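# Examining the three-dimensional arrangement
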There are 2 protein chains.
Amino acid sequence: MLEKINSPKDIKTLSCEQLDILAADIRKAIINRMSKRGGHLGPNLGMVETTIALHYVFDSPTDKFVFDVSHQCYTHKILTGRKNGFLSDEDFSKISGYTNPEESEHDFFNIGHTSTSVSLASGLAKARDQKGEKGNVIAIIGDGSLSGGEAMEGFDYIGEQQTNFIIVVNDNDMSISENHGGIYKNLRALRESNGNCPCNLFKAFGLDYLYVNEGNNIQKLIEAFQKVKDITHPIVVHINTLKGKGYKLAETHKEEWHWHLPFVIETGEPTIDESGENYVELTTQYLMKKMKADPKVVAIVAGVATNIGFTEERRKEFAAQLVDVGIAEEHGVAMASGMARNGAKPVFATHSSFFQRTYDQISQDLCINNNPATLLVNTASVWGMNDITHLGIFDIPMMSNIPNLVYLAPTCVEEYFAMLDWSIEQTEHPVAVRIPCNGTIHSNKYFAADYSKLNKYETITEGKDIAIIALGDFFQLGESVAQLLQSAHGITPTLINPRYISGLDTDMLKNLKKEHHIVVTLEDGILDGGFGEKIARFYGKDPMKVMNCGLKKEFIDRYKADDILRQNRLTKEQITEDIIRLM
Amino acid sequence: MLEKINSPKDIKTLSCEQLDILAADIRKAIINRMSKRGGHLGPNLGMVETTIALHYVFDSPTDKFVFDVSHQCYTHKILTGRKNGFLSDEDFSKISGYTNPEESEHDFFNIGHTSTSVSLASGLAKARDQKGEKGNVIAIIGDGSLSGGEAMEGFDYIGEQQTNFIIVVNDNDMSISENHGGIYKNLRALRESNGNCPCNLFKAFGLDYLYVNEGNNIQKLIEAFQKVKDITHPIVVHINTLKGKGYKLAETHKEEWHWHLPFVIETGEPTIDESGENYVELTTQYLMKKMKADPKVVAIVAGVATNIGFTEERRKEFAAQLVDVGIAEEHGVAMASGMARNGAKPVFATHSSFFQRTYDQISQDLCINNNPATLLVNTASVWGMNDITHLGIFDIPMMSNIPNLVYLAPTCVEEYFAMLDWSIEQTEHPVAVRIPCNGTIHSNKYFAADYSKLNKYETITEGKDIAIIALGDFFQLGESVAQLLQSAHGITPTLINPRYISGLDTDMLKNLKKEHHIVVTLEDGILDGGFGEKIARFYGKDPMKVMNCGLKKEFIDRYKADDILRQNRLTKEQITEDIIRLM
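Each value, and the rule that gives it
- The residue count restarts for each chain, going from 1 along the sequence in the order it is written.
- Starting at A for chains and at 1 for ligands, labels are handed out in the order in which the entities are written.
- Where totals are concerned, whole chains, interfaces and linings use all residues; where local detail is concerned, this predicted model gives features only for residues with pLDDT of at least 70, and gives and counts side-chain atom pairs only at 80 or more.
- Side-chain numbers come from the whole structure's heavy atoms, not from hydrogens or water.
- Secondary structure elements follow DSSP: runs of H or I of four or more residues count as helices, runs of E of two or more count as strands, with numbering from the N terminus.
- For the radius of gyration, the atoms used are the C-alpha atoms, and the globule rule reads 2.2 Å times the number of residues raised to 0.38.
- Whether a residue is buried, partly exposed or exposed follows from its accessible area with a 1.4 Å probe, protein chains only, as a fraction of its type maximum: under 20%, in between, or over 50%, in that order.
- For two strands to be treated as a pair, DSSP must find at least two bridges joining them.
- For the least-squares superposition of copies, only C-alpha atoms count, and only for residues with pLDDT at least 70 in both.
- In this description, contact between two residues means that some pair of their heavy atoms is separated by no more than 4.5 Å.
- Polar contacts, as counted here, are pairs of nitrogen or oxygen atoms within 3.5 Å of one another; within protein the pair requires one atom able to donate a hydrogen and one able to accept it, and residues that are adjacent in sequence qualify only if both atoms are side-chain atoms.
- Between the N-to-C directions of two axes lies an angle of 0 to 180 degrees, each axis being a line fitted to C-alpha atoms and, for a helix, fitted only over the stretch in contact.
- Reported orientations rely on four angle classes, namely roughly parallel under 35 degrees, roughly antiparallel over 145, roughly perpendicular from 65 to 115, and oblique for the rest.
- Here the term charged refers only to Asp, Glu, Lys and Arg, the term nonpolar to Ala, Val, Leu, Ile, Met, Phe, Trp, Tyr, Cys and Pro, and the term polar to all other amino acids, Gly among them.
- The rule is short: rings of Phe, Tyr and Trp, with Trp giving its six-membered ring, pair when the centres are within 6.5 Å, and they are stacked under 30 degrees, edge-to-face over 60, tilted in between.
- Definition used in this section: a nonpolar core is a set of buried Ala, Val, Leu, Ile, Met, Phe, Trp, Tyr and Cys residues joined via side-chain atoms within 4.5 Å.
- What gets called buried area is simply the loss in accessible area from a 1.4 Å probe that two parts show on being joined, summed for both.
- Salt bridge, as used here, is a side-chain nitrogen of Lys or Arg placed within 4 Å of a carboxyl oxygen of Asp or Glu.
- Any helix carries an expected span of 1.5 Å times its number of residues minus one.
- Crossings are sorted by hand: turned counterclockwise from the far helix by less than a right angle, the near helix makes the crossing left-handed, and turned clockwise it makes it right-handed.
- Cysteine sulfur atoms are paired as a disulfide whenever they come within 2.5 Å of each other.
- The predictor attaches a confidence to each residue, and that confidence, scored 0 to 100, is pLDDT.

### Topic: the overall build of chain A
Within chain A, the secondary structure is distributed over 23 helices and 16 strands. Radius of gyration (C-alpha) of chain A: 26 Å, near the 25 Å computed for a compact globule of 583 residues. Taken over the C-alpha atoms alone, chain A extends approximately 80 × 55 × 50 Å along its principal axes. Counting the 583 residues in chain A, one finds 68% classified as buried.

### Some details on the pairing of strand 13 (residues 465-470) of chain A
Where a strand is regular, its side chains alternate between the two sheet faces. All names here are of chain A. A large share of strand 13 lies buried, amounting to 5 of its 6 residues. Bridge analysis of strand 13 against strand 15 (residues 516-526) gives 6 bridges, and the strand direction is parallel. Within strand 15, the residue paired with Asp465 across the bridge is His516. Of the pairings in the sheet, the one linking strand 13 to strand 14 (residues 494-497) comprises 3 bridges and is parallel in character.

### Thoughts on the relation of the copies chain A and chain B
Least-squares fitting of chain A to chain B yields an RMSD of 0.0 Å, with the transformation described by 0.0 Å of translation along the axis and a rotation of 180°. Taken together, the rotation and translation relating the two chain copies correspond to the operation of a two-fold axis. Take the interface residues of chain A: 100% of them recur as interface residues in chain B, which is what a same-surface contact looks like.

### A closer look at the side chain of Asn401(A)
Mapped onto the elements of the fold, Asn401(A) is located in the loop between helix 17 (395-400) and strand 10 (406-408). In this structure the side chain of Asn401(A) is engaged in a polar contact, spanning 3.0 Å, whose partner is the backbone oxygen of Pro397(A). In contact with Asn401(A), not counting residues within four places along its chain, are Ile396(A), Gly529(A), Lys534(A), Pro397(B), Ile526(B), Asp528(B), Gly529(B) and Lys553(B).

### Considering the packing of helix 7 (residues 149-158) of chain A against helix 7 (residues 149-158) of chain B
Pairs of packed helices are described in terms of their axes, by the angle between the two and the distance that separates them. The interhelical angle for the contact between helix 7 of chain A and helix 7 of chain B, taken along N-to-C directions, is 110°, at an axis separation of 8 Å. Taken together, helix 7 of chain A and helix 7 of chain B sit at an angle that is classed as roughly perpendicular. In this structure, helix 7 of chain A contributes Gly149(A), Met152(A), Glu153(A) and Asp156(A) to the contact, and helix 7 of chain B contributes Gly149(B), Met152(B), Glu153(B) and Asp156(B). The residue inventory of the contact of helix 7 of chain A with helix 7 of chain B, partitioned by class, reads 2 nonpolar, 2 polar and 4 charged.

### Observations concerning the sheet that holds strand 7 (residues 322-324) of chain A
Residue and element names in this part refer to chain A. Strand order in the open sheet formed by 6 strands is 7-6-8-9-11-10, and the pairing between neighbours is parallel. With partners counted over all chains shown, the strands left at the sheet margins are strand 7 and strand 10, one partner each. Put simply, the sheet's adjacent strands are angled 20° from each other on average, direction ignored. One ladder, built from 4 bridges, connects strand 9 (residues 374-378) with strand 11 (residues 431-434); its direction is parallel.

### Looking at the packing of aromatic side chains
Residue and element names in this part refer to chain A. The final tally for this structure, using the stated rule, is 41 aromatic pairs over all chains. Aromatic side chains Tyr247 and Trp257 sit 5.2 Å apart centroid to centroid with 65° between the ring planes, which places their arrangement in the edge-to-face category. In this pair, Tyr247 sits in the loop between strand 5 (234-240) and helix 11 (248-252) while Trp257 sits in the loop between helix 11 and helix 12 (279-293), placing the two residues 10 residues apart along the sequence. The pair Tyr247 / Trp257 is uniform in exposure class, with both members buried.

### Considerations on the nonpolar core
With 235 residues, the main nonpolar core has Phe155(A) and Phe155(B) as its most contacted residues. If we ignore the near neighbours within four places in the chain, the residues touching Phe155(A) are Val118(A), Ile141(A), Leu146(A), Ile167(A), Val169(A), Phe202(A), Phe205(A), Leu207(A) and Val236(A).

### Observations regarding the interface of chain A and chain B
Each partner contributes residues to the interface: chain A has 109 residues there, and chain B has 109 residues. Taken over both partners, the interface formed by chain A and chain B buries close to 9000 Å², and the fraction arising from carbon and sulfur atoms is 56%. Across the chain A-chain B interface, the total number found is 5 salt bridges. Its salt-bridge partner being Arg357(B), residue Asp360(A) comes within 4.0 Å of it at the nearest N-O pair. Counting across the chain A and chain B interface gives 59 residue pairs in polar contact (both at pLDDT 80 or more). Here the element with the most residues in the side of chain A that touches chain B is helix 6 (residues 117-131) of chain A; it accounts for 10 residues. Here the residues of the side of chain A that touches chain B are counted per class, giving 43 nonpolar, 40 polar and 26 charged.

### Details of the pattern of salt bridges
Residues and elements named next belong to chain A. Overall, the coordinates contain 79 salt bridges over all chains when judged by the stated rule. The residue Lys290 makes a salt bridge to Asp421 at a minimum N-O spacing of 3.0 Å. On the criterion of sequence distance, the pair formed by Lys290 in helix 12 and Asp421 in helix 18 (residues 413-425) is long-range, its members being 131 residues apart. For Lys290, a relative accessible area of 13% translates into the label buried. Judged by relative accessible area, Asp421 falls into the partly exposed class, the value being 28%. Here Arg569 makes a salt bridge to Asp578, at a shortest N to O gap of 2.9 Å. What makes Arg569 partly exposed here is its relative accessible area of 30%.

### With respect to the pairing of strand 5 (residues 234-240) of chain B
All names here are of chain B. In terms of residue burial, strand 5 counts as a mostly covered element, since 6 of its 7 residues are buried. Two elements, strand 4 (residues 208-212) and strand 5, share 5 bridges in a ladder whose sense is parallel. Looking at the pairing, Leu210 lines up with Val237 of strand 5.

### Digging into helix 16 (residues 359-367) of chain B
Most of helix 16 of chain B is tucked away, with 9 of its 9 residues classed as buried. Every buried residue belonging to helix 16 of chain B is among Tyr359(B), Asp360(B), Gln361(B), Ile362(B), Ser363(B), Gln364(B), Asp365(B), Leu366(B) and Cys367(B), and all of these are buried.

### Observations concerning helix 14 (residues 329-341) of chain B
Residue and element names in this part refer to chain B. Over its 13 residues, helix 14 extends 18 Å from the first C-alpha to the last, a length consistent with the 18 Å expected when each residue adds 1.5 Å. Where burial is concerned, most of helix 14 is hidden: 12 out of the 13 residues are buried. Those residues of helix 14 that sit buried are Glu329, Glu330, His331, Gly332, Val333, Ala334, Met335, Ala336, Ser337, Gly338, Met339 and Ala340. Once helix 14 ends, the next one or two residues include Gly343, with phi positive near 90°.

### What to know about the sheet that holds strand 14 of chain A
All names here are of chain A. Spatially, 5 strands are ordered 12-14-13-15-16 in an open sheet, and the strand pairing comes out mixed. Either end of the sheet is taken by a strand with one partner, and the two such strands are strand 12 (458-461) and strand 16 (545-551). Averaged over neighbouring strand pairs, the angle between their axes works out to 25° when direction is ignored. Helix 23 (residues 572-582) contacts strand 13, strand 15 and strand 16 of the sheet and is inclined by roughly 160° relative to strand 16.

### As for the packing of helix 12 (residues 279-293) of chain B against helix 18 (residues 413-425) of chain B
All names here are of chain B. Close contact between helix 12 and helix 18 brings their axes to 12 Å; oriented N to C, the two are set at 35°. Our pair here, helix 12 against helix 18, has a crossing hand that is right-handed. Residue-level contacts link Tyr279, Leu282, Thr283, Tyr286, Leu287 and Lys290 of helix 12 to Val413, Tyr416, Phe417, Leu420, Asp421, Ile424 and Glu425 of helix 18. Residue classes in the contact of helix 12 with helix 18 are distributed as 9 nonpolar, 1 polar and 3 charged.

### Remarks on the state of the cysteines
Where two cysteines share a covalent bond between their sulfur atoms, that bond is called a disulfide. Applying the stated rule across the entire model yields 0 disulfides over all chains. Here Cys412(A) is not cross-linked by a disulfide; its sulfur's nearest cysteine counterpart is in Cys437(A), at 15 Å.

### A few points about unusual backbone geometry
Ser60(A) connects to Pro61(A) through a cis peptide bond whose omega is 5°. Topologically, Pro61(A) is positioned in the loop between helix 3 (48-57) and strand 1 (64-67). Phi angles above zero are rare outside glycine, and Asn404(A) is one such case at about 75°. Looking at the secondary structure, you find Asn404(A) in the loop between helix 17 and strand 10. Look at Asn404(A) and you get partly exposed, because its relative accessible area is 33%. A positive phi is found at Val69(B), a non-glycine position, where the angle reads about 55°. Inspection of the secondary structure assignment puts Val69(B) in the loop between strand 1 (64-67) and helix 4 (74-82).

### Digging into the confidence of the model for chain A
In the predicted model, chain A carries a mean pLDDT of 97, and the fraction of residues at 70 or more is 100%. Across the whole predicted complex the pTM is 0.98, and at the interface the ipTM reaches 0.98.

Written as structure tokens, this is what we have:
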């Protein structure tokens, strides 16, 4: 059936049976791509029928769909001219894992963070109304995304409007892991009462409401969407779907198959071996040991528990000390501040890209109050996630310029744990630690147990003429450059591990003036607003030459780290060449 | 009665009648301070009885109060040993307008942004539980603050917990202006049904619920709080209060008296004249004209409509084109992105400090998608708001390092409107405009109508040896320095208006190398991560000396701008002296 489908128009004449066959075909295509590329399997499989029904009833792109977080947009992509990205190996990389306006007129936004769909779609609707145009605007949002503040702000806003707006709430009773939050009791009550529970979260937001129990039944969904098409006020269509539907393993082990590595379809066995030592597992082991020793140590996660290694089993074991707040980073950071204020030892961990969702809480709730909470910043690196919506190269300008925050960059496993341990036990500062991303490098060196003398850099090799200040997981790059300068040019540079991202060691920098005339900074992130620029400012009035090495300020997408490093002249050879030229 | 009250213990033995007399005394004290200093009159007057009842029933600081946004904490301050800050003129400045742990053990956080109380308090509660301690934790939050995403994340989190937690929802049916959002229909239904409406927002969040209709009746409040004291699960106590209670003008004109300048108590007449030309009124006049001419122009505000001049009357006139989304900045920016995507011309305006609440929406919802919305950044300056929670000196590092965002800094009224007009009409970039804060300075100069050739700086005076790059509302400071160099030292420096905060004019900067050996940058904000450091990086490898002038990275509180400028060597004399020394 899928062979005949090249645009949404092609499904409008299909019979019920044909639509069901189409659903089966689409499922196969999704599993095909996922098995070879990996990706968000569970949410996509659960939404096949809904998406078919949406395209059957509505007329995209005149009617406009906005898929929240777009983890469930693959059927939409397949129906809107992009099926080859799921069927043919050589076309896989032409299609991104998220909605993408560059791919299709049926996509309106690049979306990869949760809880944004209602707000973005409400803007489409408002523009429609101001232009005097017609058409439906439909936001599609999962139950897991409801816990994010932006989503609730969106529901609240739209609940007051009197205009066409349809919110499809895809309720599969799961976030990435199990849901956390009081609203999920209400969603359960609604499901169990077939939508008739008098206390109704969506109605409390001022919205009209329709419940569809059989959320994987195309015919029932078509009927529901036909009812709400061209409605003149906002309505929630709450549908009950099965996450992972159609792939037994994903139906049974929902969390494991929310996102999955490439796998053998028949067995589910991953085809990529990602075992071996890694920071996630090391961190979990460390935290679990700390928790056992001290009930005041509490790890807080916002929906992504397994990304710092807290599997379901471990979450149960540490129920009181592993708090999953749902996808609610703002709450997570503020709560951490409150805990630290009252004598506990909180560690809030998430990805660099998701820390962006909580800038003001870091600044206002945490740093103005100078509470000693620990923020653990994951995948903050050019080697982090490489989708445009999940980049880990902006945290240095975002976080290191907030007063009072001590932002630390370890260079190896041992230094990471020295810093983390100090951070958890100290009571003076909010501290963020940037987890290295260049593999688990070990050192026999002794690392300080105390980082309370802020902004003291460490000289690793004493040299002269040139000083290389190599931050965090670019430290090894700095070492390589130093070795190359030595071996190829007979120069022994000074090599420095700055350790602190958020401040300058002015004494050391002053001292460098005596026997150095070039300072090179290396940082794993964009240069604008970053670490190296602070050094450049420090030496601005001096004859010292400063060469800042890092990334260009730009959004990059589905890149290879090696390519980006080369483009930014960040290989050891390029850096050495640039230093020699500067001499 | 107030004379005898020096700590919360002193009210525990008072009779009903005495408590009522105390309330009257406190009200007088609040009005006394407000009339001389200005401040948040309405919310504080409405909460006198509640705060007395809270301190009567609970035992602060063992029982812990967290006041949301802390616009209503004055009675709490008065009851906890700080009454002189309200009674005696010479003590006014010892007491801040917000809760402040440096003032008292009864305050747990510096708070000035909305919607944070439940999350912060939930951290206090979690730490209490992990330490095995007892005591009540009480978050006090107004209905207006409920619309913020962080608040709803907090409600959702706590709704799932099984521990003591009390949320007092102070419902006066007002935000700063009238409330906006679907939830307010539910609050009304709850008030009108004496709390018995079966559809209940708070219950939908999983919370227990108690309604108190007479929210300004101390006895009823005491009864309610006694009921919930030491409760072992979370509960909302929803109280119906009168904003501005006890000062007739504030009861009648709630919006005008939410925050008020110093005034004559008898008449309400302000004692400070703030009429005269200002950017707020100029901006409103401009926007109203644009809106009249084009229905696609839509101004979006998040609770602070009057801060960009949209009074109640004007909001009514432009009902479809002035969207107050409630205190929901995340939604505001995302909605603006959606509107721009669909061909409208949105302008989202708020204070510099409140843009912090929407970093991720600027980055993800807006800038990754490169939609042509306009962000209008108010009070972004050392001359902006001077409370630690409302500083306007961090927006340059926060916003100018986000890719794709064009951040513009006008130097006078005419340039501001040239930039704003270009921003609204262009269709290529997300643009932010930083409204000057140093008074309305006019210029007869012609300003470009087109800023689409990005990052082209403008040379105002051609000179040599020294180039002064003076950004935005520090441009006039740059002019003064140039004049002083000329008059006192016979030097004619080059003076440059960079116009673009977010990028470098590399051609011009290269050209400067020919006849200049010192570049001075001036910016109205912290230096770390800011504009000047980019210039320092650019010249890092050159002999050019770079002197960056701006503020130190720190939280400052209730400061005088002149003092801060002097401390940071930012007077024209100091800068000139430093330049001469550098020569």
